[in-house]
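Structure at a glance
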Amino acid sequence: METTGRSAVSVGRPAAMATPAGVAPPGRERALADPGPHAVVLLDDAHDLDEREVHTLRQCATRSGVRIIVAHRPLAGAAGLPAFLRAVEVGGRGVVLGPLGRAGVAERAAVLLGGRQDPALVEHVLEQTAGHPRLVDRLLTGLRDAAQGGVGQSSAGREGAGRAEALPAGVLRQVVADVATHPVELRRLLQARALGAPVDPAILAPVLDVPLDDAAVLVDRAVAAGLVLDDGSLPPLLRLAVLTGVGVAHRAALHRRIAEFRLAQGGDVENIADSLVGSGLHGSTVATVLEQAADDALHRSRPAARVLYEAAVGAGKPALDLADRRAEAALTAGELDAALAFADQVLTARSRVDDEQVTRAVTVAAAALAHRGLLARSAELHRWSAARPDAAPAVAAVPALIGTGALADAEDVLSAAITSGGAAPTVLAGAETLVARGVHQAVAGSATAALSDLTRAAALLAPSGRSALLPDTPAALAALVGLHCGELDVAGSVLDRAVEAGLGGPAALPRHRLLQAWIAMQRGRTAQARTLATAAQEARPTTTGLEPRDELAAAALEVALARRSGDLAALLGSWGRAREAVVRHPVDLYSLLPLGELLVGAARLQQDAWVAPYLADARALLAQLGEPSLWAAPLHWSGLQAAIVAGSSGAAAEHAAALDATAGSGRYAAALAAGAAQWLRVLGGDVDAAAVENAARTLQAVGLGWEGSRLAGQAAIRTRDRKDMSALLGCARAVQTAPVAGGVPPSTGPSAAAAEPPAPRRVVRPTPGRAAAPPSGEPASDLATEPAPGTISDREREVAELVLAGLTYKQIGEQLFISAKTVEHHMARMRQRLGSGSRGELFARLRVLVDGRSG
């Protein structure tokens, strides 16, 4: 039975009376004393009975044939009532009535609105009412009446869940009237809670100006009535009604009073601060509460910090006093323009602010510039800051310094930090030190040690989600190191945890998603890579597009996927975006991976000259850093692939020699060196099937299955031994589809075995005594040659070799990235051109051609 604000007692069938809560109805005691034979007594609000009425009720319960139904709130009530209720439950049954759940709200909606309702509407009603039965019925009835009256609010659940304007006006008026029926002291409690006062009686008592015990009783009554939820909050609809019914002046006074007592108590001010935002209140107390709540939100990397700081300035806090923290809050929220603007305010007025504010502004601006791809400018800011008198060494500068080739400067910072004892031992300071050490290890030490330090830094920051003040997140740096040394499992897991924890805030999410996409591409999961790349675009914190650093990675990823799928049209379409991305992002250490992909893509499109200046910058950077093999080897591998595509044997040999020099630095570099050595042999027509297969499988083991498949496929085309050809083609398929350690098989797609589609219109004609394959390592275009009668084209020769090796048309199509129908057409043209009357005769002629080619 709904009991909000009313009591009811019914004896037998005809009697029914209702009076205000806490007032005994006339004749209630008499009715209990003499209910009549075989009566059913229904007693509501039993918690309001006095001791005499409880005694009468106990006597009534002893009468033969009388049945009693007692409803009460979970309050103590008069002496003797608890014992009576326990006795009743022994011989009967107790039912605890809680708020309506989703099913209960749906049932009420079906009754009041007619039939099954949209789940979104049910969810909206549940959210607004917290399942309070009276509020549920009020809202549903209001929605029904609004729909019948043409107001059109019945779609509130779908269009405006949680918004006041989604509520029919009549509903709010009704609930405001319901609130007005409660005793004044209960209304004051609800008002205080609605404005952010905690449920702690020690704070409520002075705010409400009542004794401590009375405050505790009020809280119990409110909870028992379902007006205050178990967590101390109010149902949103009730909170809105409570605030609507409070006068502006009274609300302002109560707001200030709550703020003053909360500050005096030294407790959490989050709730009161949230209610102060947009209140229009001014003054030092209000501003201090908002500032304190903003500081706490900033420490936890919550985007709400920016709104709270803005409100604090609006309440009277000097803007310059908060500018450095507002810069950090904007950076945390991914709003780089605002972060740079606030930081510039501090740096411009540095004579009027303290050193701590300047240091924070420099760190924020440096991190924002790194996001923008201006890592050199970020390093310059750190240098300027370090030159200030009494400035402490900032280890956060190390990734920027090393990323731009200033290894000596970075080592000086690390040495000074060790000498000075470093910053205060906070979580962020510890993570900054680990990141600095990890990045230094990546260029001057061990890749394993680098990966360990960076992974630990990411784990240290994960609980708080911080790292916005670093040039890059430790998870992103760990993933880059993992990608450069073939540790894809480690790179993937650290990124997964970073995404789950929100490490680095909204600004870092596109970065993390793009690196996840890169790992998926390396594993051969092209569909997953495209999905993650799309997720990165959708995760950007602003509507202006990705920041330059992320845009470079996204553009290079698009080129890489197009190249791996053999889609020349897509490659051409993505190239414009890639060129613009490179122009906007100067070369730094952390952009070498996308630069390497663009290098190969440029060779495919005969745009080598355009990318040459950026490649020169990259080589100069690596030279400044002492040619660290972790970073140099993958770039040389990309250079090798570009040289193969361009048909430059000299450049290919140069890159292979460089890779051979790094082979001893780790298994990844060794795999690249082995692969490079076999490429040179294969391109020269010297195919050692066992060595090629070993190199291909070694590449696959370090996450380069597509590259290994491509090597084996090209070797199969060039071998003079049909048995070796068959084995190498089988290896190419196996390496392409085999899972990386810890992974799952990649999605099916175009095979890399016969390499990518050719560069446009590069014509190659067969040479007697040599394998008739393009020196670039790419299969020639179907339209690249027009053979004379009795001869076959380069592509037809490739088809013939694979047919003779026993492959089906479908398998040949997958190897050469053409359709099975095109393979069939090639066979038909060869049969016609060679004058073969039967399939057997065609095969015999093809064997002669292939063997003749082999000399």
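Here the residue numbering is sequential within each chain, running from 1 through the sequence in written order. Local features are withheld for residues below a pLDDT of 70 in this predicted model, meaning they are given only at 70 or higher, and side-chain atom pairs are given and counted only at 80 or more; totals for whole chains, interfaces and linings count all residues. Excluding hydrogens and water, the side-chain figures rest on all heavy atoms present in the structure.

So, the overall build of the protein
We count a stretch as a helix when DSSP gives it H or I for four or more residues in a row; a strand needs E for two or more, and each element gets its number in order from the N terminus. Looking only at helices and strands, the protein features 42 helices and 4 strands. The buried label applies to any residue whose accessible area, calculated with a 1.4 Å probe on protein chains only, is under 20% of its type's maximum; exposed applies above 50%, and partly exposed to all values in between. Within the protein, buried positions represent 50% of all 855 residues. It only takes one pair of heavy atoms within 4.5 Å for two residues to be counted as in contact. Summarising the internal contacts of the protein: among those between residues at least 6 apart in sequence, 65% fall at separations of at least 24. Per-residue and other accessible areas were derived by the Shrake-Rupley procedure at a 1.4 Å probe size, with only the shown protein chains allowed to occlude residues. Accessible area for the protein stands at about 36200 Å²; split by element, carbon and sulfur atoms hold 54% of it.

Section: the packing of helix H28 (residues 526-538) against helix H29 (residues 548-565)
Only the stretch in contact is used when fitting a helix axis, every axis being a line fitted to C-alpha atoms; angles between N-to-C directions are given from 0 to 180 degrees. It is at 11 Å that the axes of H28 and H29 come closest, and there the two elements cross at 155 degrees. When the axes of H28 and H29 are compared, the pair comes out roughly antiparallel. Of the two possible hands of crossing, H28 and H29 adopt the one that is left-handed. Between H28 and H29, the contacting residues are Thr 526, Ala 529, Arg 530, Ala 533 and Gln 537 on the first element and Glu 551, Ala 554, Leu 557, Leu 561 and Ser 565 on the second. Residue composition of the contact of H28 with H29, by class: 5 nonpolar, 3 polar and 2 charged. Geometric relationships in this document are graded by angle, where less than 35 degrees denotes roughly parallel, more than 145 denotes roughly antiparallel, 65 to 115 denotes roughly perpendicular, and other angles denote oblique. Crossing handedness is defined as follows: a turn of the near helix away from the far one that is anticlockwise and smaller than a right angle gives a left-handed crossing, while the clockwise case is right-handed. Basically, the charged four are Asp, Glu, Lys and Arg, the nonpolar ten are Ala, Val, Leu, Ile, Met, Phe, Trp, Tyr, Cys and Pro, and anything else, Gly included, counts as polar.

Focus: helix H16 (residues 304-314)
Along H16, the residues classified as buried are Ala 305, Leu 308, Tyr 309, Ala 311 and Ala 312. Within H16, the buried residues cover an arc of 160 degrees as seen down the axis, which keeps them to one side. Residues of H16 that are buried in the fold lie against helix H14 (270-276), helix H15 (284-299) and helix H17 (319-332). Gly 316, located one to two residues past H16, shows a positive phi value of around 125 degrees. Relevant arc is that of directions from the helix axis to the C-beta atoms, nothing else.

A word on the packing of helix H25 (residues 474-485) against helix H26 (residues 488-501)
Axis separation between H25 and H26 bottoms out at 8 Å; the angle between their running directions is 165 degrees. Relative to H26, H25 is oriented roughly antiparallel. The two elements H25 and H26 cross, and the hand of that crossing is left-handed. In contact with Ala 475, Ala 478, Ala 479, Gly 482 and Leu 483 of H25, H26 contributes Leu 488, Ala 491, Val 494, Leu 495 and Ala 498. For the contact of H25 with H26, the residue count by class is 9 nonpolar, 1 polar and no charged.

A few points about helix H33 (residues 629-646)
Relative to the 26 Å expected for 18 residues at 1.5 Å per residue, H33 spans 25 Å between its end C-alpha atoms, a close match to the ideal helical length. Within H33, 16 of the 18 residues are buried, leaving the element largely enclosed by the surrounding structure. Downstream of H33 by one or two residues, Gly 647 has phi in the positive range, about 75 degrees. Expected helix span is taken as 1.5 Å per residue step, with the number of steps being one fewer than the number of residues.

Considerations on the side chain of Arg 372
Tracing the backbone shows Arg 372 in the loop between helix H19 (355-371) and helix H20 (375-386). What qualifies as a polar contact is a pair of N or O atoms within 3.5 Å, subject to a donor-acceptor requirement within protein and to the restriction that residues adjacent in sequence count only when both atoms come from side chains. A distance of 2.8 Å separates the side chain of Arg 372 from the side chain of Asp 337, its partner in a polar contact. A polar side-chain atom of Arg 372 sits 2.5 Å from a polar atom in the side chain of Glu 547. In this structure, Arg 372 is in contact with Leu 336, Asp 337, Leu 340, Glu 547, Pro 548, Arg 549 and Arg 584, ignoring residues within four places of it in sequence.

Concerning the side chain of Asp 550
Secondary-structure assignment places Asp 550 in helix H29. Salt bridges are absent for the buried Asp 550, whose nearest opposite-charge side chain, Arg 549, sits at 4.3 Å. When residues no more than four places from it in sequence are discounted, the contact partners of Asp 550 are Ala 507, Pro 510, Arg 511 and Leu 514. Positive charges are assigned to Lys and Arg, negative charges to Asp and Glu, while His and the chain termini are left out of the count. Criterion for a salt bridge: a side-chain nitrogen of Lys or Arg within 4 Å of a carboxyl oxygen of Asp or Glu.

Side note on empty space enclosed by the protein
Using a grid of 1 Å spacing that covers the protein atoms alone, one calls a set of points a cavity when a 1.4 Å probe fits there but cannot get out, and a pocket when the set is open and has protein on both sides within 12 Å along at least five of seven lines; lining residues are those with an atom within 4 Å of a point. Grid points are joined across faces, edges and corners, and a volume is the space filled by probe spheres set on the points. Scanning all chains against the criterion turns up 13 cavities of 30 Å³ or more. The space that makes up the largest cavity amounts to roughly 210 Å³. Taken together, the elements giving at least two residues each to the lining of the largest cavity come down to helix H27 (509-522), H29, helix H31 (592-604), H33 and helix H35 (667-683). When its residues are assigned to classes, the lining of the largest cavity shows 10 nonpolar, 5 polar and 4 charged. Estimated volume of the second largest cavity: approximately 150 Å³. Lining the second largest cavity are 17 residues, with Arg 511, Leu 515, Ala 553, Tyr 590 and Pro 594 sitting closest to its centre. Elements supplying a minimum of two residues to the lining of the second largest cavity: H27, H29 and H31. Looking at which element gives the most residues to the lining of the second largest cavity, the answer is H29, with 6 residues. Residue composition of the lining of the second largest cavity, by class: 11 nonpolar, 2 polar and 4 charged.

Quick word on the pattern of salt bridges
Within this structure, the stated rule accounts for 39 salt bridges. One salt bridge in this structure joins Glu 291 and Arg 325, with 3.0 Å as the shortest N-O distance. Here Glu 291, found in helix H15, pairs with Arg 325, found in helix H17; they are 34 residues apart in sequence, far enough to count as distant. Assessed through its relative accessible area of 13%, Glu 291 is described here as buried. Arg 511 is paired through a salt bridge with Asp 472; the nearest N and O atoms lie 2.7 Å apart.

Here's the deal with the packing of aromatic side chains
Pairing of aromatic rings covers Phe, Tyr and Trp, the last through its six-membered ring, and needs centres within 6.5 Å; plane angles under 30 degrees mean stacked, over 60 mean edge-to-face, and all others mean tilted. All chains considered together, the criterion is met by 3 aromatic pairs. Here Trp 575 and Trp 610 contribute two aromatic rings whose centre-to-centre distance is 6.1 Å and whose plane-to-plane angle is 70 degrees, an arrangement assigned as edge-to-face. Linking Trp 575 in helix H30 (residues 568-584) with Trp 610 in helix H32 (residues 608-624), this pair joins segments that are 35 residues apart in sequence. Look at Trp 575 and you get buried, because its relative accessible area is 6%. Residues Tyr 590 and Trp 631 carry aromatic rings whose centres are separated by 6.1 Å and whose planes lie at 75 degrees to one another, so their mutual orientation is edge-to-face. With Tyr 590 in the loop between H30 and H31 and Trp 631 in helix H33, this pair connects stretches of sequence that are 41 residues apart. Under the relative-accessibility criterion, Tyr 590 is labelled buried at 11%. Residue Trp 631 is classed as buried on the basis of its relative accessible area of 2%.

Remarks on the nonpolar core
By nonpolar core we mean a set of buried residues, namely Ala, Val, Leu, Ile, Met, Phe, Trp, Tyr and Cys, connected to one another through side-chain atoms within 4.5 Å. One finds Ile 402, Val 481, Leu 589, Tyr 590 and Trp 631 to be the most contacted residues of the largest nonpolar core, which totals 119 residues. Per element, the largest residue contribution to this core is 10 residues, and it comes from H29. With residues near it in sequence (within four places) discarded, Tyr 590 still touches Leu 375, Pro 399, Ile 402, Gly 403, Val 439, Leu 477, Leu 480, Arg 511 and Trp 631. Counting 65 residues, the second largest nonpolar core, distinct from the first, contains Ala 222, Leu 237, Ile 258 and Ile 272.

Considerations on the pairing of strand S4 (residues 67-70)
Strand direction decides the pairing type here: strand S3 (residues 40-43) and S4, joined by 4 bridges, are parallel. Paired with Leu 42 across the strands is Ile 69, a residue of S4. Strand pairing is assigned whenever DSSP identifies at least 2 bridges connecting the two strands.

Thoughts on the environment of Ala 349
Topologically, Ala 349 is positioned in the loop between helix H18 (336-348) and H19. Separated by 29 residues in the primary sequence, Ala 349 and Leu 320 have C-alpha atoms spaced 8.4 Å apart.

Side note on unusual backbone geometry
We note that Gln 606 has phi near 55 degrees; this positive angle belongs to a residue other than glycine. With respect to the helices, strands and loops of the structure, Gln 606 is situated in the loop between H31 and H32. Judged by relative accessible area, which is 46%, Gln 606 ranks as partly exposed. One non-glycine residue, Glu 627, lies in the positive phi region at around 55 degrees. Within the element layout of this structure, Glu 627 appears in the loop between H32 and H33. Its relative accessible area of 41% is what places Glu 627 among the partly exposed residues.

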